[in-house]
Each structure stands twice: as C-alpha cells, then as structure tokens.
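Here's the letter readout for the chains.
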Amino acid sequence: MSRLDNFISRMTAQRDILNQICPEVAKMEGPVLELGLGNGRTFHHLRERLPGRRIVVFDREVGAHASSIPDTENLVLGEIRETAREFIGIDAALVHADIGTGYDDRDAVTATWLPDLIARLLRVGGFAVSGTPLDHPLLQRLPPPTSEPADRYFLCRRV
Ligand code: SAM
C-alpha cells in the first residue's frame, strides 16, 4: 500500500471513529482533550460535532490553519508528556491523541507514557481515540466502527 493510500485509510478510520463516538460523548459530562493540534483539522471537526463543549488542545507549537486555533485559555503549549500531567483528574469525556510519527522506534517511546497519561485524564466510561495503540489495563480496546483495517486508528473506553 502506498503512503498516500495508507494516509487516506488512517484518516477515514479517524473520522469514522470520531463521528461514531461524538454522540456518546455529547451525552457525557467532561471536557474533550485534543493531544496534537497539528493543522487543526480534527480540532475543527470535534468543535463542529460537539458544539459548546470545552476542548483543551495540546501541542509543542501552533501550526494550525487560522480557522482552527483554540482560544488561548484552551491551548496548552509544550511537551504533552509534561503539560497534560497538570490536567490529571479532569475527568475528560474524550481524549483524542494524534501524535504518532510513522516511525516505529519513536512511537514505541510514546507508548511508554501515553496510555497511562490518557487513563488518568479520562473519566470512567470516557473514550480514548488514538493513532497509536493504547495498551493499558484501564483502557479497554473496542472494535473501531469503520470498514478500514482495525490497526489504522484505535478506540478504547476507560473502565
Ligand atoms: N489531528 C491533527 C489534525 O487533524 O490536523 C494533526 C496532528 S499532527 C499529526 C501531530 C501534532 O502533534 C504535531 O503538531 C506535533 O507538533 C504534535 N506533537 C506530537 N508529539 C508531541 C508531544 N510529545 N508534545 C507536544 N506536541 C506533540
């Protein structure tokens, strides 16, 4: 599969999962945490799907399209591993993490801290959606609601 095909497949799975769980998230209390603003496309999508919901966004720097930049009070700049720790206990309804690099060695380092951080940020019953696998005893993996292969994007629920 070409990198372009793989990217399209990943983005299709990402959108399918977010579209499926947003109505569930809308019924739940708690903010949404977006780990990795990037261009701001998924932030923009979540803002559309969850009107009025607080979305706190994390990145090293702002590189998003002008239409997709969060208010300063909901934008947290720095290394997510450090900055998001301040939000442990916030009882998020959804954490979306799109910080995979496509390099197995780098993503393996992220896998040493990201799942535990997400488990501590979520409320019980909250959802984690991630571009990289989240292996953690408190994160129950769910079958992704997409026709794309199951390893494209990951969905878990905090138990
Ligand atoms: N979902 C976004 C979108 O739809 O536009 C794309 C996110 S992009 C793939 C990943 C972003 O996460 C980059 O902007 C990068 O700077 C940020 N990022 C990755 N790892 C990070 C880390 N450990 N700390 C802070 N930011 C990080």
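For the structure, check the block above.
Residues numbered from 1 in each chain as written. Predicted model: local features only at pLDDT ≥ 70, side-chain atom pairs only at ≥ 80, totals over all residues. Heavy atoms only, no water.

**Description of the sheet that holds strand E3 (residues 75-77)**
Rules: Here a strand pair is declared whenever DSSP counts at least two bridges between the two strands. Here a helix means four or more residues in a row that DSSP labels H or I, a strand means two or more in a row labelled E, and each is numbered from the N terminus. Axis definition: a line fitted to C-alpha atoms, over the contacting stretch in the case of helices. Angles run 0 to 180 degrees between N-to-C directions. Contact between two residues is taken to exist if any of their heavy atoms lie within 4.5 Å; hydrogens are not considered.
With respect to topology, 7 strands assemble into an open sheet ordered E3-E2-E1-E4-E5-E7-E6, the strand pairing being mixed. Both outer strands of the open sheet, E3 and strand E6 (139-142), are each paired with one neighbouring strand and no more. Recorded for the sheet is a direction-independent mean angle of 20 degrees between the axes of neighbouring strands. In the sheet, strand E5 (residues 122-130) pairs with strand E7 (residues 154-158) via 4 bridges, with the strands oriented antiparallel. Looking across to E7, one finds that Val 129 is bridged to Leu 155. Helix-sheet contacts for helix H1 (residues 3-26) involve strand E1 (32-35), strand E4 (92-97), E5 and E7, and the interaxial angle to E5 is about 160 degrees. Relative to the sheet, helix H5 (residues 114-121) contacts E1, E4, E5, E6 and E7, its axis offset from that of E5 by approximately 140 degrees.

**Description of the state of the cysteines**
We count it as follows: Two cysteine sulfurs form what is called a disulfide whenever their separation falls within 2.5 Å. Using a 1.4 Å probe on the protein chains alone, a residue whose accessible area is under 20% of its type maximum counts as buried, one over 50% counts as exposed, and one in between counts as partly exposed.
In this structure the tally under the stated criterion is 0 disulfides. Cysteine Cys 22 is unpaired, with the sulfur of Cys 156 as its nearest cysteine sulfur at 16 Å. Judged by relative accessible area, which is 1%, Cys 156 ranks as buried.

**Let's talk about the packing of aromatic side chains**
Formally: Two aromatic rings from Phe, Tyr or Trp, using only the six-membered ring of Trp, form a pair when their centres are within 6.5 Å; if the ring planes differ by under 30 degrees the pair is stacked, by over 60 it is edge-to-face, and anything between is tilted. In our convention, an over-ring charge means Lys NZ or Arg CZ found within 6 Å of a ring centre and within 35 degrees of that ring's normal.
Going through the model one piece at a time under the given rule, you end up with 1 aromatic pair. Note on Phe 58 and Phe 87: the rings are 5.2 Å apart at their centroids and 85 degrees apart in plane angle, and the pair reads as edge-to-face. Taken together, the positions of Phe 58 in strand E2 (residues 55-59) and Phe 87 in the loop between helix H3 (80-83) and E4 put the pair 29 residues apart, joining distant regions of the chain. One residue, Arg 106, lies across the ring of Tyr 103, its end atom 4.2 Å from the ring centre.

**Re the pairing of E1**
We apply this condition: Place the viewer so that the strands point away; then a crossover is right-handed whenever the path from the first strand over the helix to the second strand goes clockwise.
Residues Val 32 and Glu 34 of E1 are buried on one face, and the alternating residues Leu 33 and Leu 35, pointing to the opposite face, are buried as well. As paired elements, E1 and E2 share 4 bridges and run parallel to each other. Among the inter-strand pairings, Leu 33 is bridged to a residue of E2, identified as Val 56. Each parallel crossover has a hand, and the one from E1 via helix H2 (residues 41-49) to E2 is right-handed. Where E1 meets E4, 4 bridges bridge the pair, whose relative direction is parallel. Bridging across to E4, Glu 34 finds its partner in His 96.

**Some words on the packing of H1 against H2**
The angle between the axes and the distance between the axes are what describe a pair of packed helices. Condition: Geometric relationships in this document are graded by angle, where less than 35 degrees denotes roughly parallel, more than 145 denotes roughly antiparallel, 65 to 115 denotes roughly perpendicular, and other angles denote oblique. Should the near helix be turned counterclockwise from the far one by less than a right angle, the crossing is left-handed, whereas a clockwise turn marks it as right-handed. Polarity classes work like this: nonpolar for Ala, Val, Leu, Ile, Met, Phe, Trp, Tyr, Cys and Pro, charged for Asp, Glu, Lys and Arg, and polar for all others, with Gly in that last group.
For the pair H1 and H2, the least separation of the axes is 10 Å and the interaxial angle reads 25 degrees. As the angle between them shows, H1 and H2 are arranged roughly parallel. Note on packing geometry: the crossing formed by H1 with H2 is right-handed. Across the interface between the two elements, Gln 14, Arg 15, Leu 18, Asn 19 and Cys 22 from H1 touch Thr 42, His 45, Leu 46 and Arg 49 from H2. Along the lines of polarity and charge, the residues of the contact of H1 with H2 split into 3 nonpolar, 4 polar and 2 charged.

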